[in-house]
2 protein chains.
Amino acid sequence: MIDINREIEALDWSRAPKGLYEPIGYTLAAGGKRIRPTLALIASALLGGNEKDVLPAALALEVFHNFTLLHDDVMDKAEVRRGRPTVHVKWDENTAILSGDQMLIEAYKLLSDVPADKLPQVLKWFNEMATGICEGQQYDVDFEHQSQVTIDDYMMMIEKKTSVLLAYALKIGGYIAGASTAQLEALYQYGLHIGLAFQIQDDILDVYGDPKTFGKAIGGDICCNKKTLLLLTALETEDAESKAELLQWLSVTDRNEEKIAAVTALYNRLGVRKACEAVMETHTATALAQLDKLPQNSACEKLRELAEKLINRKS
Amino acid sequence: MIDINREIEALDWSRAPKGLYEPIGYTLAAGGKRIRPTLALIASALLGGNEKDVLPAALALEVFHNFTLLHDDVMDKAEVRRGRPTVHVKWDENTAILSGDQMLIEAYKLLSDVPADKLPQVLKWFNEMATGICEGQQYDVDFEHQSQVTIDDYMMMIEKKTSVLLAYALKIGGYIAGASTAQLEALYQYGLHIGLAFQIQDDILDVYGDPKTFGKAIGGDICCNKKTLLLLTALETEDAESKAELLQWLSVTDRNEEKIAAVTALYNRLGVRKACEAVMETHTATALAQLDKLPQNSACEKLRELAEKLINRKS
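Residue numbers restart at each chain and count upward from 1, following the sequence in its written direction. Starting at A for chains and at 1 for ligands, labels are handed out in the order in which the entities are written. With the structure being a predicted model, the display of local features is reserved for residues of pLDDT at least 70 and the display and counting of side-chain atom pairs for 80 or more, all residues being used for whole-chain, interface and lining totals. Only hydrogens and water are set aside when side-chain values are computed; all heavy atoms of the structure are taken into account.

Draft legend 1. Structural detail: the overall build of chain A. Looking only at helices and strands, one finds 16 helices and 2 strands in chain A. Relative to the globule expectation of 20 Å for 315 residues, the C-alpha radius of gyration of chain A, 20 Å, shows essentially globular dimensions. Across its three principal axes, chain A shows a C-alpha extent of roughly 60 × 50 × 35 Å. Contacts are residue-level and defined by heavy atoms, with any inter-residue pair within 4.5 Å sufficient. Of the contacts formed within chain A by residues at least 6 apart in sequence, a portion of 72% connects residues at least 24 apart. Under the convention used here, a 1.4 Å probe and the Shrake-Rupley method define accessible areas, while residue burial counts only the protein chains that appear. Of the roughly 13400 Å² of accessible surface on chain A, 50% is carried by carbon and sulfur atoms. This count recognises Lys and Arg as positive and Asp and Glu as negative, with His and chain-terminal groups excluded. Think of each charge as sitting on NZ of Lys, CZ of Arg, CG of Asp or CD of Glu. One finds the centroid of the 34 positive side-chain charges in chain A at a distance of 4 Å from the centroid of its 46 negative side-chain charges. Here a helix means four or more residues in a row that DSSP labels H or I, a strand means two or more in a row labelled E, and each is numbered from the N terminus. Radius of gyration: over C-alpha atoms. The globule rule applied is 2.2 Å multiplied by the number of residues raised to the 0.38 power.

In structure tokens, the structure reads:
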């Protein structure tokens, strides 16, 4: 299979004006798992497609994903990503806005090399994916200031923010390779449910992860009252006393260590971890079930392994 | 011809999440001359095209243009546009960044409805246009901090920042209508040179416009040492005394009224206005000459009138 890291490194960002292109190269050079282009390439291999045909879309997906990170970091005022200063810190905010805009355009430039007969449909799906991400980001922001957020709201938000990009990566890869409608739907649903399971696992690891392997501080979501599946599940308890105690802790903005310990203890008492793991396992099972509808070859096996790896990950 | 204002008003921005879509509707409702979609429609009419075929691209060009205004206002910290608070003032900066991103994606959504056989080429040109705008914006920022800017640098910058969007609007409109390669080149060059003439006229009006009709304060560019064609032309003078006096005034950051009067007097003494008007007229003539290569119909006449109107404008 094409070495996606090498293909990304081969993109040339040395052109002028430097203030526009250097931050794009810097952002893409940060690495990452390259999961989205890899999914597009696997979907193509699964359907016996020519990997060169899917490469432009695969690269477009990765550039788009990194564009969202660049602008998200501005909006979140995040100073560090993957151990390096973010673009708006290393350069300035205006540079981050404008080079992010150009990065989004660069994604569409890469996409324009999709085989012409496939381009109209791929462009529409790419746009739907991009729209989903922006809507998900907006809902995420809205939910921070919203007192009532249901578990359904939350699932809708993470579907848009995380899952649709994985789902469309697979669907676009499969489509370019000539997949049938039923196969495209299976690929899409696999991506969607893997994404949901991944995000729920993320929420669980933030509380129950091993500090040695997790990579960031445990309990970060608890400190800032982030409306994760764990918190929303706990808030649905019918145990009035526990709920009152939880609400009490949500109003605490200092004493972080004490707050993390107390909220974790509440989660344990209410069986929140188990409940969330059950939801995660349901989505993993739904994802894996899609694979039965696809050709049983080594690419399909990779998707099976990926599902298991994502779920059993420690960081 | 299609009523482009009505088509823009018909775009629906009432969907959720409101925080993402309301600022897009707000930005587009500000009005403006709708010059870019109109150029695309005129080019199509000129070549006998079906205006419904060109409408998606025409709308995409207008939405894209308004996206650039939205993000430019954030970067410039502009508080008012067309008499109304800008998006980052009415909402906040993060809303302006994210809804701007979505607006760029919306432009590509509109573009995806271009007739399928024309889409691959139109998408490539649209991307080149968008890239030109971002590069032009970056050069504009770079030039502010750069001591040496030549007239060539300046012309390259305004070509990217202003002209390519007009040029590609015409070229894309003509292409969808089935124009020949020579006709496409004539349309492109017309748009390019009209854009240059327009921008130079803008620079001249800032100093020599009638305060009653100009709409903004006269001398704004002089106050902030903006590297306009007038200033760059004046700086190229071989009259050492005038140049020294000009450089002296560039270091003055208060006494605006006095500065405007003195720099204008220097411009008058050096014949800067005439020199810039000559450059403008050359570009207008080049633009008008392109029209001889195109069918002589009422649409072509509209382009001729537009050229004359742009150049003789007072605001």
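Back to the write-up after that little detour.
Draft legend 2. Geometry of the relation of the copies chain A and chain B. The transformation that overlays chain A on chain B combines an axial shift of 0.0 Å with a rotation of 180 degrees, and the residual RMSD is 0.0 Å. Interpreted geometrically, this transformation is the action of a two-fold axis. A share of 100% of the interface residues of chain A reappears at the interface of chain B, consistent with the copies meeting face to face through the same patch. Residues below a pLDDT of 70 in either copy are left out; the C-alpha atoms of the rest, at least 70 in both, set the least-squares superposition of the copies.

Draft legend 3. Seen up close, the side chain of Thr 95 of chain A. All names here are of chain A. Mapped onto the secondary structure, Thr 95 falls in helix H6 (residues 93-111). In terms of polar contacts, Thr 95 uses its side chain to reach the side chain of Asp 92, at 2.7 Å. The residues contacting Thr 95, other than those within four sequence positions of it, are Gly 19, Pro 23 and Gly 100. Nitrogen and oxygen atoms within 3.5 Å of one another constitute a polar contact, given that in protein one can donate a hydrogen and the other can accept it, and given that sequence-neighbouring residues count only through two side-chain atoms.

Draft legend 4. Highlighting the interface of chain A and chain B. Every contact between the two is made by 35 residues of chain A and, on the other side, 35 residues of chain B. Any carboxyl oxygen of Asp or Glu that lies within 4 Å of a side-chain nitrogen of Lys or Arg is treated as forming a salt bridge with it. Taken together, chain A and chain B are joined by 2 salt bridges. At the surface where chain A touches chain B, the tally comes to 16 residue pairs in polar contact (both at pLDDT 80 or more). The set of elements that each furnish at least two residues to the side of chain A that touches chain B consists of helix H2 (18-28), helix H4 (51-76), H6 and helix H7 (119-144) of chain A. Here the side of chain A that touches chain B takes 13 residues from H7 of chain A, the largest share from any one element. When grouped by side-chain class, the residues that make up the side of chain A that touches chain B number 19 nonpolar, 9 polar and 7 charged. Gly is put with the polar residues, along with every residue not named as nonpolar or charged; the nonpolar set is Ala, Val, Leu, Ile, Met, Phe, Trp, Tyr, Cys and Pro, and the charged set is Asp, Glu, Lys and Arg.

Draft legend 5. Structural detail: the packing of aromatic side chains. Stacked, edge-to-face and tilted are the three classes for Phe, Tyr and Trp ring pairs, Trp counted by its six-membered ring, which pair at centre distances within 6.5 Å; planes under 30 degrees apart are stacked, over 60 edge-to-face, the rest tilted. Inspection of the entire model under this criterion finds 15 aromatic pairs over all chains. Here the aromatic rings of Trp 125 of chain A and Tyr 175 of chain A are separated by 5.0 Å at their centres, their planes lie at 75 degrees, and the arrangement is edge-to-face. One end of the pair, Trp 125 of chain A, is in helix H7; the other, Tyr 175 of chain A, is in helix H8 (residues 151-176), and 50 residues separate them in sequence. With relative accessibility at 11%, the residue Trp 125 of chain A sits in the buried group. Ring pairs connect the aromatic residues Phe 64, Phe 67, Tyr 108 and Phe 126 of chain A together with Phe 64, Phe 67, Tyr 108 and Phe 126 of chain B, which therefore count as one cluster. Note on geometry: a ring has a charge over it if NZ (lysine) or CZ (arginine) is within 6 Å of the ring centre and within 35 degrees of the ring normal. The lysine or arginine in question, Lys 118 of chain B, covers the ring of Tyr 175 of chain B, its NZ or CZ lying 5.9 Å from the ring centre. Only protein chains enter the area calculation, which uses a 1.4 Å probe; residues under 20% of their type maximum are buried, those over 50% are exposed, and those in between are partly exposed.

Draft legend 6. Structural view of the confidence of the model for chain A. Scored from 0 to 100, pLDDT records how confident the predictor is in each individual residue. Summary statistics for chain A give a mean pLDDT of 95 and a share of 100% for residues scoring 70 or more. The complex model carries a pTM of 0.96, and its ipTM stands at 0.96.

Draft legend 7. A look at unusual backbone geometry. Geometrically, the link from Ala 16 of chain A to Pro 17 of chain A is a cis peptide bond, its omega value of -5 degrees lying close to zero. Relative to the assigned elements, Pro 17 of chain A resides in the loop between helix H1 (4-10) and H2. Its identity as a non-glycine residue notwithstanding, Lys 77 of chain A has a phi of 55 degrees, on the positive side. Within the secondary structure layout, Lys 77 of chain A lies in the loop between H4 and strand E1 (80-81). Unlike most non-glycine residues, Arg 34 of chain B shows phi in positive territory, near 55 degrees. Structurally, Arg 34 of chain B is set in the loop between helix H2 (18-28) and helix H3 (35-46).

Draft legend 8. Main features of the packing of H6 of chain A against helix H4 (residues 51-76) of chain B. Close contact between H6 of chain A and H4 of chain B brings their axes to 9 Å; oriented N to C, the two are set at 165 degrees. Classified by the interaxial angle, the pair formed by H6 of chain A and H4 of chain B is roughly antiparallel. Read as a crossing pair, H6 of chain A and H4 of chain B show a hand that is left-handed. Listed contacts from H4 of chain B to Asn 94, Ile 97, Leu 98 and Asp 101 of chain A of H6 of chain A are Phe 67, His 71, Val 74 and Met 75 of chain B. Axes here mean lines fitted to C-alpha atoms, for a helix over just the part in contact, with angles spanning 0 to 180 degrees between N-to-C directions. Note that the term roughly parallel is reserved for angles under 35 degrees, roughly antiparallel for angles over 145, roughly perpendicular for angles of 65 to 115, and oblique for everything else. Here is the rule for handedness: rotate from the far helix to the near one, and if that takes an anticlockwise turn smaller than a right angle the crossing is left-handed, while a clockwise turn gives right-handed.

Draft legend 9. Fine view of the packing of H7 of chain A against helix H7 (residues 119-144) of chain B. It is the contact of H7 of chain A with H7 of chain B, at a shortest axis distance of 10 Å, that shows an interaxial angle of 45 degrees. It follows that H7 of chain A is oblique to H7 of chain B by the angle criterion. For the pair H7 of chain A and H7 of chain B, the crossing hand works out as left-handed. On H7 of chain B, the residues that touch Leu 119, Pro 120 and Leu 123 of chain A of H7 of chain A are Leu 119, Pro 120 and Leu 123 of chain B.

Draft legend 10. Molecular detail of H7 of chain A. What a helix should span is 1.5 Å times the count of its residues minus one. In this model H7 of chain A runs 38 Å from its N-terminal to its C-terminal C-alpha over 26 residues, within 8% of the 38 Å that 1.5 Å per residue would give. Within H7 of chain A, 20 of the 26 residues are buried, leaving the element largely enclosed by the surrounding structure.

Draft legend 11. Examining the pattern of salt bridges more closely. Per the counting criterion, the structure on display carries 25 salt bridges over all chains. Where Glu 106 of chain A meets Lys 109 of chain A, a salt bridge forms, and the shortest distance between an N and an O atom there is 3.4 Å. Taken together, the positions of Glu 106 of chain A and Lys 109 of chain A, both in helix H6 and 3 residues apart, correspond to about one turn of that helix. Across the salt bridge formed by Arg 255 of chain B and Asp 254 of chain B, the nearest N and O atoms sit 4.0 Å from each other. Residue classification places Asp 254 of chain B among the partly exposed positions, given a relative accessible area of 47%. When salt bridges with common partners are traced through the structure, they connect Arg 15, Glu 106 and Lys 109 of chain A into a single cluster.

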